[in-house]
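# Per-entry structural report
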Amino acid sequence: RTIRVSPYDKTVTKEIEIGIIKRLLANENEKIITKYVNDIKNRIKNSSNYDHFAFRNVLSKDPEKYPEKGRLPQIKGSLYFKLHFNGNLRRGDIVKWFYVKQMIEGYPSINSIAYDDVNKLPKGIKIDWERTMDPLIDSVVKTIFKSVGLKYEPNNSGSMSLADFE
C-alpha cells in the first residue's frame, strides 16, 4: 500500500506522519513508535500555545448565517469568540479552534472555542484532550498502522505504564 502524507495545514499531524513512516522504514517496532507518538502528545499537552494544536477551517459564510440547529464546533466557537472576546470572524476567514473541557471562571461554558488571534484568548482554558487528540493524531496513527498491519491503542491520559516499554 501507498502511505500518503496529509496535505492540509496541521504541522503536528505532518510531523507525526513523517516520523512514523521514517520509523517504519527503519523497522522500529510498534511499541517504540507508540512511545514516539505519546511523547509528541505530551509535548502538545504541555504547550501553552493554542496554535500548536488548533484545528483550522475556512468560514464559508458569516458565523451568524449558519442555521442554529446542527452548528459545527468551529461555528459555535466563532460565535462565542465574537460575543465574549470582541472577535471579528466573518466569511472567508480561516478560524482556529479547539475543544474545551472547561472555560475559565467568569465565562459561560462552551464545548469549543474559535479565534483568529491567540492573544485575544485568556490563558487557562482547559482543553478537552480526548476529543482533540482523536482527529489531530489518533485517527492518523490508526490509519498508518492499519495500512501496515499494526494495531494502535491511543493513550490520551498523558501517562504511560511500564507495559509501554516492555
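Structural data are supplied above this passage.
Computed from a predicted model, the values in this text were never measured in an experiment.

What counts and how
- Residues numbered from 1 in each chain as written.
- Predicted model: local features only at pLDDT ≥ 70, side-chain atom pairs only at ≥ 80, totals over all residues.
- Heavy atoms only, no water.
- Helix = DSSP H or I, 4+ residues; strand = E, 2+ residues; numbered from the N terminus.
- Buried < 20%, exposed > 50% of the residue type's maximum accessible area, 1.4 Å probe, protein only.
- Pairing = 2+ DSSP bridges.
- Salt bridge = Lys/Arg side-chain N within 4 Å of Asp/Glu carboxyl O.
- Phe/Tyr/Trp six-rings, centres within 6.5 Å; stacked < 30°, edge-to-face > 60°.
- Lys NZ or Arg CZ within 6 Å of the ring centre and 35° of its normal.
- Axes fitted to C-alpha atoms, helices over the stretch in contact; angles between N-to-C directions.
- Parallel < 35°, antiparallel > 145°, perpendicular 65-115°, else oblique.
- Left-handed = near helix turned anticlockwise from the far one by under 90°.
- Contact = heavy atoms within 4.5 Å.
- Nonpolar A, V, L, I, M, F, W, Y, C, P; charged D, E, K, R; others polar.

### Some remarks on the environment of Asn-38
Relative to the helices and strands, Asn-38 is located in helix H2 (residues 30–45). On the basis of relative accessible area, Asn-38 is assigned to the buried category, the value being 4%. Once the C-alpha coordinates of Asn-38 and Ile-137 are considered, the two residues, 99 residues apart in sequence, prove to be 9.9 Å apart.

### Describing the pairing of strand S2 (residues 94–102)
Where strand S1 (residues 55–58) meets S2, four bridges bridge the pair, whose relative direction is antiparallel. Residue pairing in the sheet places Arg-56 in a bridge with Lys-96 of S2. Looking at chain direction, S2 and strand S3 (residues 112–115) are connected through four bridges and run antiparallel. Within S3, the residue paired with Trp-97 across the bridge is Ala-114.

### Section: the pattern of salt bridges
As enumerated under the stated definition, the model contains eight salt bridges in all. Between Arg-43 and Glu-15 there is a salt bridge, and its shortest N-O distance comes to 2.8 Å. Note that Arg-43 is positioned in helix H2 and Glu-15 in helix H1 (residues 11–25), a separation of 28 residues in sequence. For Lys-35, the salt bridge goes to Asp-39, with nearest N and O atoms at 2.8 Å. In this pair, Lys-35 and Asp-39 are both assigned in helix H2, four residues apart and thus about one turn of the helix distant.

### Here's the deal with the packing of aromatic side chains
The full count for this structure, using the stated rule, is 12 aromatic pairs. Ring plane angle 65° and centroid distance 4.9 Å describe the contact between Phe-53 and Trp-129, whose orientation is recorded as edge-to-face. Within this pair, whereas Phe-53 is found in the loop between H2 and S1, its partner Trp-129 is found in helix H4 (residues 129–147), the two being separated by 76 residues in sequence. Residue class for Trp-129 comes out buried when judged on its relative accessible area of 17%. With 6.1 Å between their ring centres and 35° between their planes, Phe-81 and Phe-85 make a pair best called tilted. Residue Phe-81 and its partner Phe-85 are both found in helix H3 (residues 73–85); the two are separated by four residues, about one turn of the helix. With relative accessibility at 0%, the residue Phe-81 sits in the buried group. Here the basic side chain of Lys-61 rests over the ring of Tyr-66, its NZ or CZ set 5.0 Å away from the ring centre.

### Some remarks on the packing of H2 against H4
Two elements in contact, H2 and H4, have axes whose closest approach is 12 Å; the angle formed by their N-to-C orientations is 155°. It follows that H2 is roughly antiparallel to H4 by the angle criterion. For H2 against H4, the interelement crossing comes out right-handed. Where H2 abuts H4, its residues Glu-30, Ile-33, Thr-34, Val-37, Lys-41, Ile-44 and Lys-45 lie against Trp-129, Met-133, Leu-136, Ile-137, Asp-138, Val-141 and Phe-145. A class-by-class count of the residues in the contact of H2 with H4 yields nine nonpolar, one polar and four charged.

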